[in-house]
Amino acid sequence: MKPAVRTTIAAVSLLAAALPAAGAEPDGKEVFDRHCIHCHGPGSEPGTLQLARTRGQERALLTERSDLVPEYIEAVVRNGLKAMPAFVPSDLTDVQLEALVQYLTAPR
Amino acid sequence: MADPLPPGVTAEQMAEALEQFRRIVGREWVFTDEGVSSYRDPYTITNDENRYRAHAAVAPDSTEQVQAIVKVANELRVPLWVVSRGKNFAYGGAAPVLSGSVVLDLSRMNRILEVNEKFGYALVEPGVSYFDLYRYIEERGLKLWLDVPDPGWGSVVGNALDHGVGYTPYGDHFMMQCGMEVVLPTGEVVRTGMGALPGNNTWQLFKYGFGPYVDGIFSQSNFGIVTKMGIWLMPDPGGYRPYLITFEREEDIEQVVEIVRPLRLNNVIQNAATIRSLVLDAAVFTTKRQYYDGDGPIPDSVARRIMADQEIGMWNFCGALYGPPPITDALWTVIRDSFSTIPGAKFYFLEDRNRRPDILAHRAETMRGIPKLTEFGFLNWNGGGGHVGFSPVSPTTGEDAIKQYRMVSRRVREYGFDYMGLMAVGFRELHHVTVIVYNQSDPEERRKIDELFTLLVREAAAEGYGEYRTHIHYMDMIAGTYNWNDNALMKMHERIKDALDPNGILSPGKSGIWPKHLRDGGAA
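Think of each chain on its own: its residues are numbered from 1, step by step along the sequence as written. Working convention: letters from A go to chains and numbers from 1 go to ligands, in the order in which they are written. With pLDDT at 70 or above as the cut-off, local features in this predicted model cover only qualifying residues; side-chain atom pairs require 80 or more to be listed or tallied, and sums for whole chains, interfaces and linings still use all residues.

J.: Talk me through the overall build of chain A; I want residue IDs and the actual numbers.
T.: For the purposes of this entry, the term helix denotes a DSSP run of H or I that reaches at least four residues, the term strand denotes a run of E that reaches at least two, and both are numbered from the N terminus. In terms of regular secondary structure, chain A is built from five helices and zero strands. Each helix (α) and strand (β) of chain A, taken in turn from the N terminus, gives the series α-α-α-α-α. Three classes are used. A residue is buried when 20 or more other C-beta atoms lie within 10 Å of its own, exposed when 12 or fewer do, and partly exposed in between, with C-beta atoms placed from the backbone. Looking at the 108 residues of chain A, the share that counts as buried comes to 32%.

As C-alpha cells, then:
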C-alpha cells in the first residue's frame, strides 16, 4: 500500500487547519474569546466571580468596564495577577495583545 | 535583575546561540529580557529569586526548526527547557528547573493534522490545546468526544506526556496516546510504533509496532522532544447521565473506596470518576470568607454549614454513565444499590440540582469532555492565588484511602490550611491529589508550604506511597524516593540520558534526571 505514508493525513491536513496564525490581522474580540473568556466570561467563571468579590458586581465583567487602561491590561497579561498566570508572547503575541487592549478599552 | 546564564555557558556563547535561533525562527520568536518574564513560574514556592528563571525563550513553528535549534544548542552547549504550551501551572508552568535555560516553547506548533472519526483518534502537534481540538470537532459536527483535564487551555500532547488525567472513560491520557514523532537531543527525528514502517496506515491504531515499546521514555522525561502525537478519542456514546453521590462523614471514605474498587474493576463505574472533598467542591464557587472569618482551617461547625448550604457532602462522588438508556439504567441500579449501604448517602442527577452555580452542573461538562477553566475558582478560596498539588498514588482500598486522608489532612491543617483533596479513581489505584492553596505573594507562606510539602513527601514515602507527578521544585526530591535497589531506576535513566543526549542539552533536571556534567551538585 501506498507510497504515500499518510495519504489521509496529507489530504486532511490541507483542510485541517492550523489555528489562527499569529501575525494575521488580529481582532480584539477574537483574542478575548480565545484567551480570556474561559475565566472572564459571563456566569460563574473564576475571574468573573473573583472580580465581583473584590471590585464589585458592576466591575466583574471585563467587557463591560470602562475603567481599564492599556498599561494595566498589558502588565496583568504579561505578568499575571494573583490566581491569573501570565500569557507568554508566543501564544498571545504583542500584536494580539494590542488588539485585546483596544477591544477592552473601546468606548462603551 | 539580569537573566541568569546556565552553568558553564558564557555570555558570548549564549549571545551566539540566540542569534542563530533568530535566524532559524525569525527575530520575533526569540524572547529575552522583559519578553521572557512571562515564562516564570506563576505560583512560585521558593523564596530564592534566582531559581527557575529562564534566560530566554525560542518558539519554533516546525519539526525542522526544532531540529535546527537542537543542533545549535549542541554546538554551543546551551540547555533547552521544552514545554508544549507551558500551561502546566501547578507544576511550574513554563519555568525551567535549571536557571539560565532557554525555553523551547512549542506553542506555535499548533496544527491539528488529522481527526479520524471512523477510528476515533487525532494526530496533533504539541501547541494544540484542548480548547482548540474541542472547537475543531464541534465545528465539523464530528461524533467524537474529548477527554479533558481541568485546565482546558493545556496542551493535549503535554498533558499526556506528564501523565495527566481526565474524567471520561478515556481518563488516563498516556494510556490513550498512540504513536509519536520525536526529535532526539542530537537532532534526528524518529517515529514510534507503526510510524517507523514506511507506508503504514496504522500509526494511530496500534501502539507497539515491533520491538521495544519506547513511547514511555519520552513521558515525564528529557530524552526527546515530541513534535507529533496520536491521541485516541471516544466515539459519542449515544447517551450520557452524570451523577453525584454525597457522603456525610469523613470516615465514609473508607467504605466508599471499598465499594468503588470492584465496580471500577468491572467497568460498572465506567469513567475516571473522582471522590472530592468538601472544601475543594465548595471552593470552586465560593470563598472561605463567605463562611469563616477565623484563622486556620475551618472548624467542623463551618463544614456542616457549607454542606447544608451547597447540598454537598464531606465527600462527593462525581461519576457519569455513558451509553444508551438500557445500559446506563442497568449500571445505575448496581451503583445506587451499592452506595446505598452507606448511611446518609444522597443521590443526585442533574435534574435534582436546582442551585446555580452547582458542582454537579460544572463537573457534568468536564465528564462530558468539554474543556473549561471553571475548576480553578478554587484558587480564590484564600485569596492568594497560589497552589501546589501533592499527588501520591494509593491502592484502591478503604484502608489506604483513610490512612492517606488522615496523614495528609492532619499535616495540612497543622500548617493552617484547609484540606482540599480528591481521589481520582483509576482502574486499580487512586491518585490522591491534595491541592494546597496559598498566598504566593507572602514569603512566609511560601516557606511554610515548602516545609509542609517536604514533610508530606517524606511521610508518604515512608509508608510506600509515591507521587505520580510534581512541581519543578520537587522533582529531585520525588525522584529520590523511587530509590529501590540503590537507585537502580535512576541509574538506568542516567545511562539512557547519556546515550541519547551526550551533551546534556535537553531539559536538565526534568524528573530529577540530570546530564552527566550537572550531576552531584554540578547544577548548584
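Text resumes after the structure shown.
J.: Now, about helix H2 (residues 28-40) of chain A: what can you tell me, with residues and values included?
T.: All names here are of chain A. A helix is expected to span 1.5 Å multiplied by its residue count minus one. An ideal rise of 1.5 Å per residue puts 18 Å on 13 residues; H2 reaches only 14 Å between its terminal C-alpha atoms. Note on bend: at a given residue it equals the angle between the axes fitted to the 7 residues ending there and to the 7 starting there. The largest bend along H2 measures about 50 degrees and falls at arginine 34. Among the residues making up H2, those that are buried are Val31, Arg34, Cys36, His38, Cys39 and His40. Think of it this way: build a C-beta for each residue from its backbone, and any pair within 7 Å is a contact. Looking at the buried residues of H2, the elements they touch are helix H3 (46-55) and helix H5 (94-105).

J.: Explain the packing of H2(A) against H5(A) to me, using residue names and the numbers behind them.
T.: Each pair of packed helices can be summarised by the angle the axes make with each other and by the distance between the axes. All names here are of chain A. Here the axes come from fitting lines to C-alpha atoms, over the contacting stretch only for helices, and the angles between their N-to-C directions go from 0 to 180 degrees. One way to put it is that H2 packs onto H5 with a least axis distance of 7 Å and a crossing angle of 100 degrees. Taken together, H2 and H5 sit at an angle that is classed as roughly perpendicular. Two secondary-structure elements touch here, H2 through Gly28, Lys29, Val31 and Phe32 and H5 through Gln96, Ala99, Leu100, Gln102 and Tyr103. Ten residue types, Ala, Val, Leu, Ile, Met, Phe, Trp, Tyr, Cys and Pro, are classed as nonpolar, four, Asp, Glu, Lys and Arg, as charged, and the remainder, Gly among them, as polar. Split by residue class, the contact of H2 with H5 holds five nonpolar, three polar and one charged. By definition in this entry, angles of less than 35 degrees are roughly parallel, angles greater than 145 are roughly antiparallel, angles of 65 to 115 are roughly perpendicular, and the rest are oblique.

J.: Pulling in residues and values, what's your account of the packing of helix H5 (residues 252-265) of chain B against helix H10 (residues 398-414) of chain B?
T.: Residues and elements named next belong to chain B. Running from amino to carboxyl end, H5 crosses H10 at an angle of 145 degrees, the nearest separation of the two axes being 7 Å. Judged by the sense of rotation from one axis to the other, the crossing of H5 with H10 is right-handed. Of H10, the residues touching H5 (which contributes Ile253, Glu254, Gln255, Val257 and Glu258) are Gly398, Glu399, Ala401, Ile402 and Tyr405. Left-handed describes a crossing whose near helix is turned anticlockwise from the far helix through less than a right angle; right-handed describes the clockwise counterpart.

J.: Summarise the sheet that holds strand S3 (residues 80-83) of chain B; cite the residues concerned and give the values.
T.: Paired through their backbone hydrogen bonds, the strands of a sheet run either parallel or antiparallel. All names here are of chain B. A pair of strands counts as paired when DSSP detects no fewer than two bridges linking them. The four strands are arranged S1-S2-S4-S3 in an open sheet whose pairing can be described as mixed. What marks the edges here is a single partner per strand, and that holds for strand S1 (30-32) and S3. Neighbouring strand axes in the sheet, compared pairwise and without regard to direction, differ in orientation by 20 degrees on average. By the bridge criterion, four bridges tie S3 to strand S4 (residues 102-105) in an arrangement that is parallel. Within S4, the residue paired with valine 83 across the bridge is aspartate 105. Running over the sheet, helix H1 (residues 11-25) touches S1 and strand S2 (56-58) and is turned about 145 degrees from S1.

J.: I'd like a rundown of the interface of chain B and chain A, residues and numbers included.
T.: Facing 39 residues of chain B, the contacting portion of chain A comprises 33 residues. It is strand S5 (residues 112-116) of chain B that contributes the most residues to the side of chain B that touches chain A, three residues altogether.

J.: Would you mind going over the pairing of strand S6 (residues 121-124) of chain B in detail, with residue names and values included?
T.: Residue and element names in this part refer to chain B. Burial along S6 is two-sided: Tyr121 and Leu123 facing one way and Ala122 and Val124 facing the other are all buried. Pairing of S5 with S6 involves four bridges; the strand directions are antiparallel. Considered in S6, the bridge of valine 115 is made with alanine 122. The hairpin formed by S5 and S6 contains four residues between the paired strands, and glycine 120 there has a positive phi angle of roughly 75 degrees. As defined by bridge partners, S6 adjoins strand S10 (residues 225-232) across four bridges and the pair is classed as antiparallel.

J.: Would you mind going over unusual backbone geometry in detail, with residue names and values included?
T.: Residues and elements named next belong to chain B. Each neighbour pair has its own omega, and for arginine 356 with proline 357 the value is 0 degrees, a cis peptide bond. In this model, histidine 163 sits at a positive phi of 65 degrees, which is unusual for a non-glycine residue. On the secondary structure map, histidine 163 appears in the loop between helix H4 (156-161) and strand S8 (177-183). Take histidine 163: there are 17 C-beta atoms within 10 Å of it, and that puts it in the partly exposed class.

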